[in-house]
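Summary of the model geometry
Chain residues, written in single-letter form:
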Amino acid sequence: MTSIMLPNTVEYACVCGLLNPLTKLYFCRYCMKLRCGFCVCHEVDSHFCSNCLENIPSSEAKIRKNRCNTCFNCPSCQHTLSVRASSAAVPTPVTATADSPATSVGDDQKKEGTPDSTGTGSKQVTRKMYYLACLNCRWSSRDVGIPDQTVATGQWPVAEYANATRFAVLLEHYQSVVLHEKQEKQELWRRKTPKQSKFPSLTDRTGLTVSMIRRQMGWSDSKAQIKATPSPINRSAATEAVDELPPEIFTKEISLKNITTLQQRLAQAAKQPFTVNKLYPQHKLLSIKRSLRCRQCDHNVIKSEYNPSSIKYRIAMFAAYHVPEVRFVKCDPLTVGQESTLLLKMINPTINDMTITIMELPTETEEILMIEELKLSAENSASSSLVISGLSSSLAKQANLLEDPRMVERKVNGSFRLPDSSFVINHRDDSAEFDEVVQSQQEDPRFIIWRKANQIAIKLVVQPNEDCSPDEEVCIGFSLQYTYVSTVVEKSNTPTRGPQKQALTTRVYVKLGKPIKAEPVSA
């Protein structure tokens, strides 16, 4: 069972050999295997602001440097700033025109209340002014002298940095270097490719096939391709001229309230202000919605809704929805050389009954054979996806993206008695706990001590190994075989009748705690 802020007690083995709790694993219903975070491909679907929920295209997000234009973070506590309104009296001077009657008479004949052309006697108009304020630490834009704006979505001034121009030149230089290296690699790959036949087809003669391949590869046409050269840049030179420290630096008292913290300085890495009166609001970073794709079969495992305000998933293949969950309930004190009782709880999350069989872990030889079979199946699936022969060399890189399977590094230093038979866990029924109909009792094996709806509790007898030290944590492992009803419709010539039931196996490791030294028996 996975607990917050506590070590994982029950862990499942992924296909690649890494151990993770069930909540961090995914299930591919096409491969029928568990996938961890390294066995799936992470893809960014959309960028959005978590405050104003505005969807931003990826090209525009790159120009904005992954920041929102309208939302700001508090430079003091990193919370989102709110726009506050206040009333302020603003003078509105009215200048007299040549056609006005006030210009034809002297200053002593001016009517009372007529504004002066100099603006000293102008009217005061109440207008709404807006400023940024933090509702958490009470920081406001007025603390650093930012003027109030007349519009709520006004253009708030951005602090300028001394080295901004230098960083822009460096960025442009290294972008040209990357483009130059990319073109050199493409030219080298083009030279290594075999030459075309002496008798090209009509499409090769017109260049149609070549242009299509270039578009699929993301290249430009050969006629319009111009070699990029890195832009020149002035190298930075070290100097010995350093400003001297002020004489009062060792004698002046320091107020920690006026000095920025490390978190506040790192939030503004370009300037890194020393005092709090130089903290300016920063544009809020954008959030992303990502989808996870199986690297072996290229099917989506996780796919979220495009709407930023929605928290639902279009595809949610979490392992907790398809694989039986094993929870640690209780274990008697462990003693080396003596047997103890272990209680485990198993839950069926699917809508179909599951037949569970607990078996021993595979031996080292069997595990090596499993790894070789996985590698062979991964190579076959990668080669079958390469349909276009002209692009096979470039698409062959997809096979390298697969995580190499490995041996499970968890050491098992405990043993237990295997259950003498298989058992069935009922399907999940959300309305069962509200149903007044009493369920029919069924005969269960002796190791099942409790059953309710889609949950059962089993009792196992465990014993630490003789070579287990008191400082070492006892761990047991077993292979869990369960039946899974597949709803994926495969393309085949023979028609299938309804969903098919398959037997899947996964490896489970349970930590039981540290053993106690056996007390010597007195004569």
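A few words now on the pattern of salt bridges. Here the structure, examined in full by the defined rule, presents nine salt bridges. Between Arg-327 and Glu-325 there is a salt bridge, and its shortest N-O distance comes to 3.0 Å. For Glu-325, a relative accessible area of 22% translates into the label partly exposed. Ionic pairing is found between Glu-339 and Arg-417, a salt bridge with its closest N-O pair at 2.9 Å. Separated by 78 residues along the polypeptide, Glu-339 in the loop between strand S14 (325-331) and strand S15 (340-347) and Arg-417 in the loop between strand S17 (414-416) and strand S18 (423-425) bring together distant segments of the chain. Overall, the relative accessible area of 46% leaves Glu-339 in the partly exposed class.

Turning to the sheet that holds strand S11 (residues 287-294), a few remarks are in order. One open sheet holds the five strands; their spatial order is S6-S5-S11-S12-S13, and the pairing between them is antiparallel. Lying at the two open borders of the sheet, with one neighbouring strand each, are strand S6 (55-56) and strand S13 (313-316). Bridge analysis of strand S5 (residues 40-48) against S6 gives two bridges, and the strand direction is antiparallel. Of the residues in S6, the one forming a bridge with His-47 is Ile-56.

In this structure, S5 lies alongside S11, joined through eight bridges in antiparallel fashion. The residue of S11 that forms the bridge with Phe-48 is Ser-287. As paired strands, S11 and strand S12 (residues 300-304) are joined by two bridges and run antiparallel to one another. Directly across from Arg-293, in S12, lies its bridge partner Asn-300.

Moving on to a nonpolar patch on the surface. A contiguous nonpolar patch, built from Leu-245, Ile-249 and Phe-250 and spanning about 370 Å² of accessible area, is present on the exposed surface. Along the chain, Leu-245 falls in the loop between helix H4 (208-217) and helix H5 (262-267). Owing to a relative accessible area of 59%, Leu-245 belongs among the exposed residues under this scheme.

A separate point is helix H2 (residues 164-192). Over its 29 residues, H2 extends 43 Å from the first C-alpha to the last, a length consistent with the 42 Å expected when each residue adds 1.5 Å. Of the residues making up H2, those classed as buried are His-173, Ser-176, Gln-183 and Gln-186.

Rules of the game
Residues numbered from 1 in each chain as written. Predicted model: local features only at pLDDT ≥ 70, side-chain atom pairs only at ≥ 80, totals over all residues. Heavy atoms only, no water. Salt bridge = Lys/Arg side-chain N within 4 Å of Asp/Glu carboxyl O. Buried < 20%, exposed > 50% of the residue type's maximum accessible area, 1.4 Å probe, protein only. Helix = DSSP H or I, 4+ residues; strand = E, 2+ residues; numbered from the N terminus. Pairing = 2+ DSSP bridges. Patch = residues over 30% accessible without salt bridge, like charges linked within 9 Å, V, L, I, M, F, W, Y side chains within 5 Å. Areas by Shrake-Rupley, 256 points an atom, 1.4 Å probe, with all protein chains shown as cover. Expected span 1.5 Å × (residues − 1).

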